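# Understanding the architecture of this molecule
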Amino acid sequence: MKSWAWALLGLGLLAILLRSAPLFLLTLLLTLIAGAALLWLRVCLVGVSYRRRFSRQRLFHGDEVTFDIELVNAKPLPLAWLRAEDELPKALIIEPARLVHSHRLGRVRLINLVSLRWYERVTRHYRVRAVQRGAWAFGPARLLSGDMFGFDVREEELNAVDTLLVYPRVVPLTALGLPADRPFGEFRAMRQLAEDPLRLNGARAYVPGDSMRYVHWKATARRGSLQTKTFDASANRPLALFLNINTHEHAWEGYDPDLQEYAITATASLARWAWEQGQAVGLFANTVTQPGAQVVRIRPAGHRDQLTLIFEALARLVSFGRWPLEEALRHEGLHLPYGTTIVVVTALLTEPLRRTLLYLHDRGFALAMITLGAAGAAPPIPGVRRYHIGGREEWERLSSLTLTGSAR
């Protein structure tokens, strides 16, 4: 029982013992007030809603989005006060906002204190600037309110979480020190270029193993035996980007966030360039995405949503590698279509990775490597075209640039 309830009970007993009518009436009045306050406390958060709204939930690095908080009291009982506390990412710039420290790592609390009349809606407007790549969670939130006398406080947890996705920084290839036109040159692979199904050049006799979807039915009817379509080689090779998320050989050494972001930026910029050139492009990495811990495996394709899929995967990457990159290269590389150019982006060049690249070269793949940091000092690998784009100093210079829309 609350202390004020004990006080009322004691006051009532005292009124009875003293046979004091005024004291008894006062006790009755205070009891009615306490009952009203108790009822108010019970229903104060009923019909109260808290909602976040974003003008966009997918942003490029440096973009700004409108962020609104909406508080609604959908009942005939007014609220003398309502406090809303929302957990937000510390890495983003949120203005103008009353932010306080949160006990959660990398988080801050957005505080809103309002009073609401019956059936009133209050909206607070903020701006969020995307200054760091990632999948940023907004929430959960907590609502607090109580009676008008301050006897007690009622609290409610709101578990709804909204995600703001910030794509990685994207720059022209020239900003990375790569040639703007055909940065990987003209490869002469041991394998024939991939056939382009849009370039039909004739038919041949069907052999076991041919796909039934490429059967040339008109030629089959004309010649009386099953015929298969043949195609010209594609002018553009598919491009498979392999990102090494690790910057140190051992997990216990941690990772270098600057080199890691530099590698992600280089990968995103290469993907954008290939997609704009009309090439099929894919992405593989030795880590997973959050939430859900999904393996990064986007096979080369040229459809219009491919670049968005790659950018979203890069935005959601977990910072620690789950397996060495050479495992991903061996497992995924041999399932890539003929004629695929494999491009490895890495700040770490180990001996197992070197042997894997030599193995893929022997299997006829065209190979290129983008190195960062200490990986640039490693000896050359026969058959692998390599570009070194610098280290932490180059990343600091690049990250200080103000990118315009044309640079995306």
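Fair warning: this is a prediction, and the values are worked out from it, not measured in the lab.

With that out of the way, let us pick up the layout of surface pockets. Over the atoms rolls a probe the size of a water molecule, and its path tells where empty space is left. Counted as a void, the second largest pocket has a volume near 530 Å³. Around the second largest pocket, the lining is made up of 24 residues, and of these Gly134, Ala135, Trp136, Gln290 and Ser319 lie nearest the centre. Counting residues per element, the ones that place at least two in the lining of the second largest pocket are strand E9 (134–138) and helix H4 (257–276). Looking at the lining of the second largest pocket residue by residue, the class counts come to 13 nonpolar, seven polar and four charged.

With that settled, consider the sheet that holds strand E7 (residues 107–116). The sheet built from five strands is open, its strands ordered E6-E7-E4-E10-E11 with antiparallel pairing. Two strands close off the open sheet at either side, each with one partner strand: strand E6 (99–101) and strand E11 (153–158). Neighbour-to-neighbour, the strand axes of this sheet turn through a mean angle of 25 degrees, independent of strand direction. Across three bridges, E6 lies against E7 in antiparallel orientation.

Burial along strand E1 (residues 48–54) is one-sided: Val48, Tyr50, Arg52 and Phe54 are buried, and none of Ser49, Arg51 and Arg53, which face the opposite way, are. Note that E1 and strand E3 (residues 64–73) share seven bridges and pair antiparallel. Within E3, the position partnered with Tyr50 by the bridge is Leu71.

Turning our attention to the nonpolar core. Nonpolar side chains in soluble globular proteins tend to end up buried together. The biggest cluster of nonpolar side chains holds 45 residues, and the ones touching the most others in it are Leu176 and Leu243. Listing elements by their share of this core, those giving two or more residues are strand E15 (239–243), H4, strand E16 (281–289), strand E17 (294–301), helix H5 (306–315), strand E18 (341–346), strand E19 (366–371) and helix H8 (392–399). At 10 residues, H4 tops the list of elements feeding residues into this core. Those residues in contact with Leu243 that sit more than four places away from it in its chain are Ala263, Ile264, Thr267, Phe284, Ala285, Asn286, Leu314, Leu317, Leu325 and Val345. With 32 residues, the next largest nonpolar core counts Leu82, Leu110, Leu116 and Trp136 among its residues.

Below, the discussion takes up the packing of aromatic side chains. The tally for this structure, following the rule as stated, stands at 10 aromatic pairs. With a centroid separation of 4.9 Å and an interplanar angle of 15 degrees, the aromatic rings of Phe54 and Phe67 are classed as stacked. Highlighted residues: Phe54 in strand E1 and Phe67 in strand E3, separated in sequence by 13 residues. Of the two residues, Phe54 and Phe67, both sit in the buried class. With a centroid separation of 5.8 Å and an interplanar angle of 85 degrees, the aromatic rings of Phe60 and Phe311 are classed as edge-to-face. Within this pair, whereas Phe60 is found in the loop between strand E2 (58–59) and E3, its partner Phe311 is found in helix H5, the two being separated by 251 residues in sequence. Judged by relative accessible area, which is 3%, Phe311 ranks as buried. In this structure an aromatic cluster arises from ring pairing among Phe54, Phe67, Tyr126 and Phe138. Its end group placed over the ring of Tyr359, Arg330 keeps NZ or CZ at 4.4 Å from the ring centre.

Once that is clear, we can look at the pattern of salt bridges. When the charged atoms of two side chains lie near each other, side chains of opposite charge can form a pair. The full count for this structure, using the stated rule, is 20 salt bridges. Residue Glu312 is joined to Arg58 by a salt bridge in which the shortest nitrogen-to-oxygen separation is 2.6 Å. You can see Glu312 sitting in helix H5 and its partner Arg58 sitting in strand E2, a full 254 residues away along the chain. Given the relative accessible area of 43%, Arg58 is considered partly exposed. Between Arg109 and Glu87 there is a salt bridge, and its shortest N-O distance comes to 3.3 Å. Of the two residues, Arg109 sits in strand E7 while Glu87 sits in strand E4 (residues 79–89), which places them 22 residues apart along the sequence.

What follows deals with the sheet that holds strand E12 (residues 162–166). Taken together, the three strands give an open sheet; going across it, the order is E2-E12-E9, and neighbouring strands pair in mixed fashion. Edge positions in the sheet fall to E2 and E9, since each has one partner strand and no second. Sheet analysis places E2 next to E12, joined by two bridges and oriented parallel. Bridge assignment links Arg58 to a residue of E12, and that residue is Leu165.

To continue, consider the confidence of the model for the protein chain. For the protein chain, mean pLDDT is 85; residues scoring 70 or higher make up 83% of the total. The low-confidence segment residues 186–194, where pLDDT is below 50, has 28 contacts with residues more than four positions distant or belonging to other chains. Below pLDDT 50 for its whole length, residues 402–408 participates in 13 contacts with residues either more than four positions away or in separate chains.

Here is what the cut-offs are and how they apply
Residues numbered from 1 in each chain as written. Predicted model: local features only at pLDDT ≥ 70, side-chain atom pairs only at ≥ 80, totals over all residues. Heavy atoms only, no water. 1 Å grid on protein atoms, 1.4 Å probe; cavity = no way out; pocket = protein on both sides within 12 Å on 5 of 7 lines; lining within 4 Å. Points joined across faces, edges and corners; volume = space filled by probe spheres on them. Helix = DSSP H or I, 4+ residues; strand = E, 2+ residues; numbered from the N terminus. Nonpolar A, V, L, I, M, F, W, Y, C, P; charged D, E, K, R; others polar. Pairing = 2+ DSSP bridges. Axes fitted to C-alpha atoms, helices over the stretch in contact; angles between N-to-C directions. Buried < 20%, exposed > 50% of the residue type's maximum accessible area, 1.4 Å probe, protein only. Core = buried A, V, L, I, M, F, W, Y, C linked by side-chain atoms within 4.5 Å. Contact = heavy atoms within 4.5 Å. Phe/Tyr/Trp six-rings, centres within 6.5 Å; stacked < 30°, edge-to-face > 60°. Lys NZ or Arg CZ within 6 Å of the ring centre and 35° of its normal. Salt bridge = Lys/Arg side-chain N within 4 Å of Asp/Glu carboxyl O. pLDDT = per-residue confidence, 0-100.

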